[in-house]
Amino acid sequence: MMAHMSYSNQGFPDNRPRPRNVSREEALRLEGYKHACHVLFHAPTSAKLFERVPIRHVLLMMMRFDGRLGFPGGFVDVKDSSLEAGLNREVEEELGCSSSKFEVTEKDYRSAQVREFPQKCVTHFYIKELELEDMDKIESECVNAKDHGIEVMGLVRVPLYTLRDGMGGLPAFLCNNFIGNSKSQLLYAIRSLHLLREDQIQEALRACHGSQY
């Protein structure tokens, strides 16, 4: 008879180690772990939805081949000279970004998290600010990228507002299926960039958790 295994709300078996935050230096000293790097591109905007709801900021995520939302990036190969070299290679393959203005550097590095389940992996997260016209360029040219329509189904903008019904906008967006820890990375970015107050974030999370979607 198969033994019963209970799972936490994050989907991890209760007897498995939880993901833990580490520094970049600690992460690079680990042996036997894969390294995955992802980046959030963002830009401020003065646009308004329906001419009255401030959009405030453009945050880019993408729909992956598996139907989940995530950030551009992927695993670092042994042939890559650094974490950033691997990330920029993946970004060019997925988004077609080859200009130096889109290059992610170590100064854009924000966090690292070690995961033991379902495989031994370190996820590195970067945040890079661009001009709004650069974001428009990424979106218009990504259809010509190597992985478009194969590994990347399309780009999406994260709505930072909540509509009058209390569900439309960010709460509904947070109900999507996110790959790995990309949802927590998104929330970390919103907090660290001071795009929303903490009470607004918590309200969006409560609305999402209480929805019937």
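Let us look at the structure shown here. Remember, predicted model here, so these are calculated numbers, not experimental data.

1. Some points on the pairing of strand E2 (residues 34-44)
Among the 11 residues in E2, 9 count as buried, and that is most of the element. Bridging between E2 and strand E9 (residues 121-129) involves 9 bridges; their strand directions are parallel. When the sheet's bridge partners are listed, Lys-34 is paired in E9 with Cys-121. For E2 and strand E7 (residues 73-75), the ladder comprises 3 bridges, and the chain directions are antiparallel. Pairing of His-38 across the sheet is with Gly-73, part of E7.

2. Description of the environment of Arg-89
Its location among the elements puts Arg-89 in helix H2 (residues 83-95). We classify Arg-89 as buried; its relative accessible area is 18%. Separated by 59 residues in sequence, Arg-89 and His-148 place their C-alpha atoms 15 Å apart. In this structure, Arg-89 is in contact with Phe-75, Val-76, Asp-77, Lys-79 and Asp-80, ignoring residues within four places of it in sequence. Reaching out from Arg-89, the side chain makes a polar contact with the backbone oxygen of Phe-75 at a distance of 3.2 Å.

Criteria and cut-off values
- Position labels on residues start from 1 in each chain and follow its written sequence.
- Residue-level local features of this predicted model are given only where pLDDT is at least 70; pairs of side-chain atoms are given and counted only at 80 or more, and the full residue set underlies all totals for whole chains, interfaces and linings.
- The side-chain quantities take in all heavy atoms of the structure and omit both hydrogens and water.
- Partly exposed describes any residue whose relative accessible area lies between the buried limit of under 20% and the exposed limit of over 50%, with all areas from a 1.4 Å probe on protein chains only and scaled to the type maximum.
- A helix here means a DSSP run of H or I that spans at least four residues, while a strand means a run of E at least two residues long, and both kinds are numbered starting from the N terminus.
- Two strands pair under a simple rule: DSSP has to find at least two bridges between them.
- It only takes one pair of heavy atoms within 4.5 Å for two residues to be counted as in contact.
- Any N or O atom pair separated by 3.5 Å or less is treated as a polar contact, with the protein-specific requirement of one donor-capable and one acceptor-capable atom, and with residues adjacent in sequence counted only for side-chain atom pairs.

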